[in-house]
Amino acid sequence: MKPKLWIGALTPPADIVETLAGMAEVVSGGDEDSLPGSTVVVSGGGRVTDGAFMDHVGPQFQLLARPGIGLDQIDFDAAGERGILVCHNPDAPTESTAEHTVALLLAAAKRVMTGDMQLRGADIPRAEMRGTELRGLTLGVLGFGRIGRRVAEICALGLGMKVLVHDPFIEQDQPVAQGIRLTKDMDAVFTRGDVVSLHTPLTAETRHLVGERELRLMKRGSYLVNASRGAVLDEAALIRVLQEGYLAGAGLDVFDPEPPEPDNPLLKMSNVVVTPHIASHTEAGIRAMWGGTARQIGQLLRGERPTHLANPEVWPGRAGRGQG
């Protein structure tokens with residue numbers, strides 16, 4: 001009898017479904033009444049996965065798989081207590097998310113949406129469509145993981161920007177591309193950046209890491225871009241500095257809460273470019289995420305350690321029962 005694989009409100013490519021069906025009984029569509037008895041659960045889209053959810057799945061539950069990189073909705077203590085493994089795909093969304101970040105940066109700085117709105121009938125004076133030339137300006141990058149590093153490379157090597165990076169978890173003497181410099185001083189990213197781009201994971205320590213103090217350290221007339229997690233940024237503080245005209249604009253793919261409320265002032269600002277958390281949502285990005293997910297599920301079902309365990313200390317957990 002095949003193990004049961006439950007897929008939440010996500011749609012894998014057809015060939016990936018076929019691959020998964022060769023390994024397990026696939027139950028898709030996100031009906032939580034069909035969760036019990038699952039060996040593997042593929043979850044995403046902001047679904048909170050806590051102890052109650054895990055217990056609802058039942059004692060057969062061995063692996064929680066996330067196609068993307070984000071892990072902030074998972075109760076790792078509950079998973080560890082139950083011997084449930086968690087895997088994700090930290091490499092898969094890198095290029096798509098980095099390119100989208102740069103797209104937000106360019107769209108905000110070049111007033112792309114303002115011009116679009118004007119041509120579609122909005123009464124916007126030409127002065128509000130005056131953009132910013134980025135070559136030679138400084139990009140401040142907060143967080144130098146895979147995505148932050150790629151954004152820094154694109155902007156330094158492609159746009160000719162100077163890039164200043166802060167990440168407390170990296171060595172200051174590591175090699176970086178031409179035009180990129182590292183700093184131990186987080187404030188310097190804000191005080192010196194003409195554009196600041198956020199690339200930190202959401203943890204208890206990084207929630208509202210960027211608040212009113214950090215935003216007011218930025219130069220008047222600068223830009224903020226966030227394609228990481230909405231709660232890394234104090235959204236109310238961002239709204240205030242934008243309404244005051246202190247910042248020139250922003251590009252946002254993530255919000256807090258998500259999706260944003262319909263009356264969120266950010267949705268009504270002509271100098272703010274917004275997208276609905278789609279930075280990794282490209283053909284290549286989706287295939288990379290689901291391909292990695294299928295490979296790791298196959299590894300688990302063969303008794304092998306999944307490549308990208310987010311809680312390796314739990315291995316083998318429930319997956320070790322009956323082995324050896």
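Our subject is the structure listed above.
Residues numbered from 1 in each chain as written. Predicted model: local features only at pLDDT ≥ 70, side-chain atom pairs only at ≥ 80, totals over all residues. Heavy atoms only, no water.

Colleague: Residue-level account of the sheet that holds strand S4 (residues 63–65), with values.
Modeller: One open sheet accounts for five strands, arranged S2-S1-S3-S4-S5; its pairing is parallel. Both edges of this open sheet fall to strand S2 (25–27) and strand S5 (85–87), since each of them pairs with a single strand only. Strand-to-strand twist across the sheet, computed as the mean angle between neighbouring axes with direction ignored, equals 20°. As paired elements, strand S1 (residues 4–7) and S2 share three bridges and run parallel to each other. Bridge pairing in S2 links Leu5 to Val26. Taken strand by strand, helix H10 (residues 283–301) contacts S1, strand S3 (40–42), S4 and S5, and its axis lies near 170° from that of S3. (Pairing = 2+ DSSP bridges. Helix = DSSP H or I, 4+ residues; strand = E, 2+ residues; numbered from the N terminus. Axes fitted to C-alpha atoms, helices over the stretch in contact; angles between N-to-C directions. Contact = heavy atoms within 4.5 Å.)

Colleague: Explain the side chain of Ser38 to me, and be specific about the residues and the numbers.
Modeller: Mapped onto the elements of the fold, Ser38 is located in the loop between S2 and S3. One polar contact links the side chain of Ser38 to the main-chain carbonyl oxygen of Leu35, over a distance of 2.7 Å. Setting aside chain neighbours within four positions, we find Ser38 in contact with Lys4, Trp6, Val57, Gln60 and Phe61. (Polar contact = N/O pair within 3.5 Å; in protein donor to acceptor, adjacent residues only side chain to side chain.)

Colleague: Describe the pairing of S1, with residues and values.
Modeller: Where burial is concerned, the two faces of S1 agree: the one with Lys4 and Trp6 and the one with Leu5 and Ile7 are both buried. You can see the chain leave S1, run along helix H1 (residues 14–21) and come back into S2, and the turn it takes is right-handed. Judged from the three bridges that link them, S1 and S3 form a sheet pairing that is parallel. By the bridge assignment for S3, Ile7 is matched with Val42. (Buried < 20%, exposed > 50% of the residue type's maximum accessible area, 1.4 Å probe, protein only. Right-handed = clockwise from strand over helix to strand, strands pointing away.)

Colleague: Before we move on, could you go through the packing of helix H4 (residues 94–109) against helix H6 (residues 146–158) and cite the residues and values that matter?
Modeller: Closest axis-to-axis distance for the H4/H6 pair is 9 Å, and the angle between their directions is 50°. Considered as vectors, H4 and H6 are oriented oblique to each other. For the element pair H4 and H6, the recorded crossing hand is right-handed. Contact residues: H4 offers Thr94, Glu95, Thr97, Ala98, Thr101, Val102 and Leu105, while H6 offers Arg146, Ile147, Arg150, Val151, Ile154 and Cys155. (Parallel < 35°, antiparallel > 145°, perpendicular 65-115°, else oblique. Left-handed = near helix turned anticlockwise from the far one by under 90°.)

Colleague: Report on the packing of H1 against H10, specifying residues and quantitative values.
Modeller: If you want to describe how two helices pack, look at the angle between their axes and the distance between the axes. At their nearest, the axes of H1 and H10 sit 10 Å apart, and the two run at 5° to each other. Judged by the inter-axis angle, H1 sits roughly parallel to H10. Each of Asp15, Ile16 and Leu20 in H1 lies in contact with H10, whose residues at this interface are Arg287, Trp290, Gly291, Ala294 and Ile297. In terms of residue class, the contact of H1 with H10 is built from five nonpolar, one polar and two charged. (Nonpolar A, V, L, I, M, F, W, Y, C, P; charged D, E, K, R; others polar.)

Colleague: Provide a residue-level description of the pattern of salt bridges, including the pertinent values.
Modeller: Taken as a whole, this structure holds 15 salt bridges when the rule is applied. Taking the shortest distance from any N to any O, the salt bridge between Arg120 and Asp116 comes out at 2.8 Å. Residue classification places Arg120 among the exposed positions, given a relative accessible area of 68%. A residue is classified by how much of its surface remains accessible, and Asp116, at 26% relative accessible area, is partly exposed. Ionic pairing is found between Arg216 and Glu244, a salt bridge with its closest N-O pair at 2.9 Å. You can see Arg216 sitting in helix H8 (residues 212–217) and its partner Glu244 sitting in the loop between helix H9 (235–243) and strand S11 (249–252), a full 28 residues away along the chain. Here the salt bridges share partners, and the residues they tie into one network are Glu212, Arg216, Arg240 and Glu244. (Salt bridge = Lys/Arg side-chain N within 4 Å of Asp/Glu carboxyl O.)

Colleague: Could you give an account of the packing of aromatic side chains, with specific residues and numbers?
Modeller: Tallying each qualifying case throughout the model produces one aromatic pair. A ring pair is formed by Trp6 and Phe53, whose centres lie 6.5 Å apart and whose planes are at 70°; its orientation type is edge-to-face. Here Phe53 lies in helix H2 (residues 51–57) and Trp6 lies in strand S1, a separation of 47 residues in the sequence. There is no split in this pair, since Trp6 and Phe53 are both buried. The aromatic ring of Tyr246 is capped on one face by Arg216, whose charged end is 5.9 Å from the ring centroid. (Phe/Tyr/Trp six-rings, centres within 6.5 Å; stacked < 30°, edge-to-face > 60°. Lys NZ or Arg CZ within 6 Å of the ring centre and 35° of its normal.)

None of the figures reported here should be taken as evidence of function without further support.
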